[in-house]
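What follows is the residue order along each chain.
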Amino acid sequence: LTFGTRSMFTAQEETIIRILASTSSCLSIIGCLFIIITFSLLRSLRQSNTSLLVFFLSISDLISTAFTLFIWATDDSILCLIQAASLQFWDISGFLWSSCLALHAYNAICRRKRQDVLESHTKYYIAFVYGTSATMAAIPFFLNDAYGKEEQDVWCWITLDYRWFRFSVYYLPLMLVWVFNLGCYILVLRMIRKYLSFIIISANRRVSLYLLVFLVTKSSGLINRTWNIVDKDPVFALSLLQATLAPLQGFGNFLVYGIGQVRRNAHLNGIGGTFEQIS
C-alpha cells in the first residue's frame, strides 16, 4: 500500500479501512455495554454520582459507535443524513460528558461539595450536554448540503465543502474540552496529594489513562481533518488512523472505568466521603 495523497482510495484500501473501522466499533460497543449493564445491575455503582456520569458517557459512546457501523450509507440517502447528524450529536455529547466528569471531580475534591449538592448538578449537566449537542447537530441542516459523504470517507458527516465549519463546530470545541479537562484534573491531583498513598497512585493512573484515551482517539481525527483543510486530497495513513482509533473511545473507557472499577471499589469501600464521590 502506498500512503500517498490522492483524490480517492483503491478498492483494497477502502476494504482495509472499513474492516478496521468495523472491528474498532464492535470492540467499543462491547465495552460500552459492559459499563451500562454493570451500572444497571450493581447497586454500589448506581449510588455513585461519578458512575452515573460514566453511564451517560457510555450511552453516548455506544450510540455514536453503533452509527459508525453504517458504512454502506451512500451520499444523498436518508440513512446518510441520519448517520451524519447522529454522529455529530452523540460524538459531541460524549466529549461534553467527559468535561462534566472533570468538573465533577474538581467540585468533589477541590471545592469539597457535599454529595447531595453534587447530585443536584446532574440535571444541569443533562441540559447542557444535550442542549449543546442538539444545537451543534442542527446547525448544518440550515446550510446547503452540509451533511454528506465524501468518496474517501467511511462515514457520512459534514462535507469537505464546509471543512472550516466542521472544524469550528466539532474540533475546536473538542480542543477546548480537552484543555478544560486537563486543567481540572491537574487541580484535582494537586489536592489529592494530601491524602492516602493509594488514592494518589490510583487517581494518577486513572487520570493519565483517561486523558490518554481521550487524546489518542480524538487526535487522529483532528490531524486528519486539519489536513483536509490544507488539502482536500486524502492521505490513506491518516484516514486509516482515524477510522481505526476514532470509534475506540468507548472501549478505552471500558478499560479505564469498567475493569478498574472493581479494584477501586474494593480499596475505596472503607474510605467513603469525598473519595467515594470520584470512585
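First, a word on what this report is: a plain description of the structure on this page. The structure presented is a predicted model; accordingly, all values stated were derived computationally and were not measured. (Residues numbered from 1 in each chain as written. Predicted model: local features only at pLDDT ≥ 70, side-chain atom pairs only at ≥ 80, totals over all residues. Heavy atoms only, no water.)

### A short note on empty space enclosed by the protein
Piece 1. Applying the stated rule across the entire model yields 5 cavities of 30 Å³ or more.
Piece 2. By volume, the largest cavity amounts to about 330 Å³.
Piece 3. For the largest cavity, the lining is made up of 25 residues, of which Asp91, Trp155, Tyr170, Lys218 and Ala246 are closest to its centre.
Piece 4. Of all the secondary structure elements, the ones that give two or more residues to the lining of the largest cavity are helix H3 (49–68), helix H4 (78–109), helix H7 (163–192), helix H8 (197–230) and helix H10 (249–268).
Piece 5. Taken together, the residues that form the lining of the largest cavity break down as 10 nonpolar, 10 polar and 5 charged. (1 Å grid on protein atoms, 1.4 Å probe; cavity = no way out; pocket = protein on both sides within 12 Å on 5 of 7 lines; lining within 4 Å. Points joined across faces, edges and corners; volume = space filled by probe spheres on them. Helix = DSSP H or I, 4+ residues; strand = E, 2+ residues; numbered from the N terminus. Nonpolar A, V, L, I, M, F, W, Y, C, P; charged D, E, K, R; others polar.)

### Looking at the packing of H4 against H7
Piece 1. With their axes 9 Å apart at the nearest point, H4 and H7 run at an angle of 20° to one another. Our classification of the angle between H4 and H7 gives roughly parallel. Seen from above, H4 lies across H7 with left-handed handedness.
Piece 2. When its residues are assigned to classes, the contact of H4 with H7 shows 21 nonpolar, 4 polar and 1 charged. (Axes fitted to C-alpha atoms, helices over the stretch in contact; angles between N-to-C directions. Parallel < 35°, antiparallel > 145°, perpendicular 65-115°, else oblique. Left-handed = near helix turned anticlockwise from the far one by under 90°.)

### Some details on the pattern of salt bridges
Piece 1. Across all of its chains, the model carries 1 salt bridge by this definition.
Piece 2. Residue Asp116 is joined to Arg114 by a salt bridge in which the shortest nitrogen-to-oxygen separation is 3.0 Å.
Piece 3. Relative accessible area serves as the criterion here: at 44%, Asp116 is assigned to the partly exposed category. (Salt bridge = Lys/Arg side-chain N within 4 Å of Asp/Glu carboxyl O. Buried < 20%, exposed > 50% of the residue type's maximum accessible area, 1.4 Å probe, protein only.)

### Details of the packing of aromatic side chains
Piece 1. Tallied over the full model, the rule gives 15 aromatic pairs.
Piece 2. For the pair Phe89 and Trp90, a centre-to-centre distance of 4.8 Å together with 80° between the ring planes defines the contact as edge-to-face. Residues Phe89 and Trp90 agree in their burial class; the two are buried.
Piece 3. Ring centres of Phe141 and Tyr147 lie 5.2 Å apart, and the angle between their planes is 75°; this geometry places the pair in the edge-to-face category.
Piece 4. For Phe141, a relative accessible area of 47% translates into the label partly exposed. (Phe/Tyr/Trp six-rings, centres within 6.5 Å; stacked < 30°, edge-to-face > 60°.)

Any functional reading would require information that these geometric values do not contain.
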